Amino acid sequence: QLQLLESGGALVQPGGSLRLSCAASGGTFSDYAMGWFRQAPGKEREFVAAINWSGGSTYYADSVKGRFTISRDNAKNTVYLQMNSLKPEDTSLYYCAAKRGSHRLTTSYAYWGQGTQVTVSS
């Protein structure tokens, strides 16, 4: 059973940067594609970014393309989300998730973390 723990959420000013981390345990990390999702109050959860098992291929939502970068370190069992040029509309609870299969399919994630809060405000 893969377990995921996010960290790095904070309050940041518009235009600022933040890096989220998600540490995995309880399984073979490199067996899984990893994704980041977010959910704001009163809104549905939405896909943000995903990365394949090796880190060689990534996929982004249009809303974050060019501003966010997903990466992973399989030696550390960790996936990251570097967020630059943050906007107030990026304010959400951010979750990491894991799945077997294609990272380009934004559904069928089997394992989820508890989330880390990102607030973008002046």
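Above: the structure in question.
Please read all numbers here as calculations on a predicted model, not as lab measurements.

### Some words on the overall build of the protein chain
When its secondary structure is counted, the protein chain shows zero helices and 11 strands. Starting at the N terminus, the α and β elements of the protein chain follow one another as β-β-β-β-β-β-β-β-β-β-β. By the compact-globule yardstick of 14 Å for 122 residues, the protein chain fits well, its C-alpha radius of gyration being 13 Å. Each principal axis of the C-alpha atoms in the protein chain carries an extent, and together these give about 40 × 30 × 25 Å. Residues counted as buried form 43% of the 122 residues belonging to the protein chain. By sequence separation, contacts in the protein chain at least 24 residues apart represent 57% of the contacts at least 6 residues apart. A distance of 3 Å separates the average location of the 12 positive side-chain charges in the protein chain from that of its 8 negative side-chain charges.

### Some details on unusual backbone geometry
At Asn77, a position not held by glycine, the phi torsion is positive, near 55°. Secondary-structure assignment places Asn77 in the loop between strand E7 (68-73) and strand E8 (78-83). Given a relative accessible area of 27%, Asn77 falls into the partly exposed group. Phi angles above zero are rare outside glycine, and Ser108 is one such case at about 70°. Here Ser108 shows up in the loop between strand E9 (92-99) and strand E10 (111-112). By relative accessible area, Ser108 is classed as exposed at 56%.

### Section: the sheet that holds strand E3 (residues 18-25)
If you walk across this open sheet you meet the four strands as E1-E3-E8-E7, and the pairing is antiparallel. Each edge of the open sheet is held by one strand with a lone partner, namely strand E1 (3-7) and E7. Mean inter-strand twist for the sheet, computed between neighbouring axes without regard to direction, equals 15°. Bridge analysis of E7 against E8 gives six bridges, and the strand direction is antiparallel. The partner of Arg72 across the bridge, within E8, is Val79.

### Overview of the state of the cysteines
In this structure the tally under the stated criterion is one disulfide. Bridging Cys22 to Cys96, the disulfide has an S-S length of 1.9 Å. Across the disulfide from Cys22 to Cys96, rotation about the S-S bond amounts to roughly 40°, and the bridge is consequently right-handed. Pair noted here: Cys22 is in strand E3 and Cys96 is in strand E9, with a separation of 74 residues, a long-range link. Like Cys22, the residue Cys96 is buried in the burial classification.

### A look at the side chain of Asp90
Residue placement: Asp90 occurs in the loop between E8 and E9. Asp90 sits in the buried class, given a relative accessible area of 1%. One polar contact links Asp90 to Arg67, side chain to side chain, over a distance of 2.7 Å. Polar contacts involving the side chain of Asp90 include one to the main-chain amide nitrogen of Lys87, which spans 2.8 Å. Asp90 has contacts with Arg38, Arg67, Phe68, Ser85, Val118 and Val120, leaving out every residue within four places of it along the chain.

Here is what the cut-offs are and how they apply
Residues take numbers from 1 onward in each chain, read along the sequence in its written order. For this predicted model, a pLDDT threshold of at least 70 governs which residues receive local features, and a threshold of 80 or more governs which side-chain atom pairs are given and counted, while totals over whole chains, interfaces and linings are taken from all residues. Calculation of side-chain values draws on the structure's entire complement of heavy atoms; hydrogens and water are dropped beforehand. To qualify as a helix, a DSSP run of H or I must reach at least 4 residues; to qualify as a strand, a run of E must reach at least 2; elements of each kind are numbered from the N terminus. Atoms counted for the radius of gyration: C-alpha only. Globule rule: 2.2 Å times residue count to the power 0.38. Only protein chains enter the calculation, and the probe is 1.4 Å; a residue is then buried if its accessible area is under 20% of its type maximum, exposed if over 50%, and partly exposed in between. Residue contacts are counted whenever heavy atoms from the two residues lie within 4.5 Å of one another. Counted as positive: Lys and Arg. Counted as negative: Asp and Glu, with His and the chain ends omitted from the count. We put the charge of a Lys on NZ, of an Arg on CZ, of an Asp on CG and of a Glu on CD. Here a strand pair is declared whenever DSSP counts at least two bridges between the two strands. Angles shown run from 0 to 180 degrees and are taken between the N-to-C directions of axes, each axis being a line fitted to C-alpha atoms and, for helices, limited to the stretch in contact. Put simply, a disulfide is two cysteine sulfurs that come within 2.5 Å. Any N or O atom pair separated by 3.5 Å or less is treated as a polar contact, with the protein-specific requirement of one donor-capable and one acceptor-capable atom, and with residues adjacent in sequence counted only for side-chain atom pairs.

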